[in-house]
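Fold and geometry: a report
Next come the chains, spelled out residue by residue.
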Amino acid sequence: MSDLAIVRDGGIDAIGTSDQIEKKANASEAIDMGGRVVLPGFVDAHTHLVFAGDRLDDFERRARGQTYEQIANAGGGIWSTVQKTRAASSEELFVRAKKHAEWFLRCGTTTVEAKSGYGLTVEDEFKILRVMRRLGAQGPLEIVPTFLGAHAVPRDFDANSYIDLLVADMLPSIADERLAEFCDVFCERGYFDIEQSRRILGAAKKLGLKLRGHVDQLSNSGGAKLMAELGATTADHLEKTDEQGIAALKSANVQPVLLPGSVYALGAKDYPRAREMITAGLAVLIATDFNPGSSPTPSMPMVLSLACTQMKMSPAEAITAATINAAYSVNRGETIGSLEQGKFANFSIFDCEDYRELAYWFGFPQTHSVYVKGERVVPL
């Protein structure tokens, strides 16, 4: 027999058998799930939630065989989104981000980590982070903000001058205003190298920000080892990480954030070595990498399918990676990520009878309803 739960004041008050719950329920309203699967709300721990425009031209170029780097060199990629985001007002970004938030909720996600990084000026990075703060305050999607000013070097700067701006101006101001909980950097050839990334993340750490990093996505540059050296919370992407990088992550208890949607959307073949990471004892998590270029999807169920089919994770491992493991990666493992007494009543109900169906069927929504702190938010 399936367990039942009592939800009160936004939290899970009790879990037990039907007999146990009936004794405690008093006059509570009963909701019949109809035999459907109920899971904790997904925690998407790597997204780029706030941006303007799209990258349809990049999409078409990629379909014609151009690589990520070729598209960027032709004026596409991150820079094209930076230009559109700079041109947008705060209100325009808020309206667009609110739409994105609704997409996440409809896919069963109730918490996202969200990165800046499409401004690359003091004014525009702050604009993005303040939109996140406003959207998170209005809810219902919980937003965990990350500063990714080191997403790329602006065209009107050389790398060292821009890093000086990040370290001397942006990071201290962001820490003072508490606009972000984490700092991230794109550590990759043509963006920020190991020494530059170490300087940026080291400065962030001294200011009390926790660390994340886009590493080893396009090349095995030693990014995983750097994240271990700095005691980062997560190392993200890791498509090119080798055995030594995996061992370094394990030695420092850095959580790997695997993003199979990005590999799929880029038409690449090198998926992260999830099985080796799990065997090594790492608390792997999966995320959408939602962004307008390399992973334009808010769908965690789609990512579950990719995790199982392309990275050979079991459905149970994939769901764990998208819920409780992800919750701990954003420092919320004690309040979300599992259905336990004392945690927030964030859960999603799916039109299936077996949890494995979420990864088995793909390409269409199976979400029946979504609840955040006990209140139904999908459908409204």
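Remember, it's a predicted structure, so these values are computed and weren't measured experimentally.

As defined by bridge partners, strand 9 (residues 214-215) adjoins strand 10 (residues 234-237) across two bridges and the pair is classed as parallel. Residue pairing for strand 10: Val215 is matched across the bridge by His237. Handedness of the crossover joining strand 9 and strand 10 through helix 9 (residues 223-230): right-handed. Note that strand 10 and strand 11 (residues 255-258) share three bridges and pair parallel. Opposite Ala235, over in strand 11, you have Pro256 as the bridge partner. Taking the sense of rotation as the criterion, the β-α-β connection linking strand 10, helix 10 (residues 243-252) and strand 11 turns out right-handed.

Okay, a nonpolar patch on the surface next. Taken together, the side chains of Tyr360, Trp361 and Phe364 present a nonpolar region at the surface, about 380 Å² in accessible area. With a relative accessible area of 59%, Tyr360 lands in the exposed category.

What follows covers the environment of Asn331. Relative to the helices and strands, Asn331 is located in the loop between helix 15 (324-329) and strand 13 (347-350). Taking the C-alpha atoms as reference points, Asn331 and Val144, separated by 187 residues in sequence, lie 9.5 Å from one another. If we ignore the near neighbours within four places in the chain, the residues touching Asn331 are Phe182 and Lys210.

All right, on to the side chain of Gln217 then. Secondary-structure assignment places Gln217 in the loop between strand 9 and helix 9. Accessibility expressed as a relative area gives 7% for Gln217, which makes it buried. Sequence-distant contacts of Gln217, that is, excluding residues within four places in its chain, are made with Phe186, Glu188, His237, Glu239, Lys240, Ser262 and Leu266.

About the cut-offs
Residues numbered from 1 in each chain as written. Predicted model: local features only at pLDDT ≥ 70, side-chain atom pairs only at ≥ 80, totals over all residues. Heavy atoms only, no water. Pairing = 2+ DSSP bridges. Helix = DSSP H or I, 4+ residues; strand = E, 2+ residues; numbered from the N terminus. Right-handed = clockwise from strand over helix to strand, strands pointing away. Patch = residues over 30% accessible without salt bridge, like charges linked within 9 Å, V, L, I, M, F, W, Y side chains within 5 Å. Areas by Shrake-Rupley, 256 points an atom, 1.4 Å probe, with all protein chains shown as cover. Salt bridge = Lys/Arg side-chain N within 4 Å of Asp/Glu carboxyl O. Buried < 20%, exposed > 50% of the residue type's maximum accessible area, 1.4 Å probe, protein only. Contact = heavy atoms within 4.5 Å.

In short, the description is geometric, and any link to function would need to be established separately.
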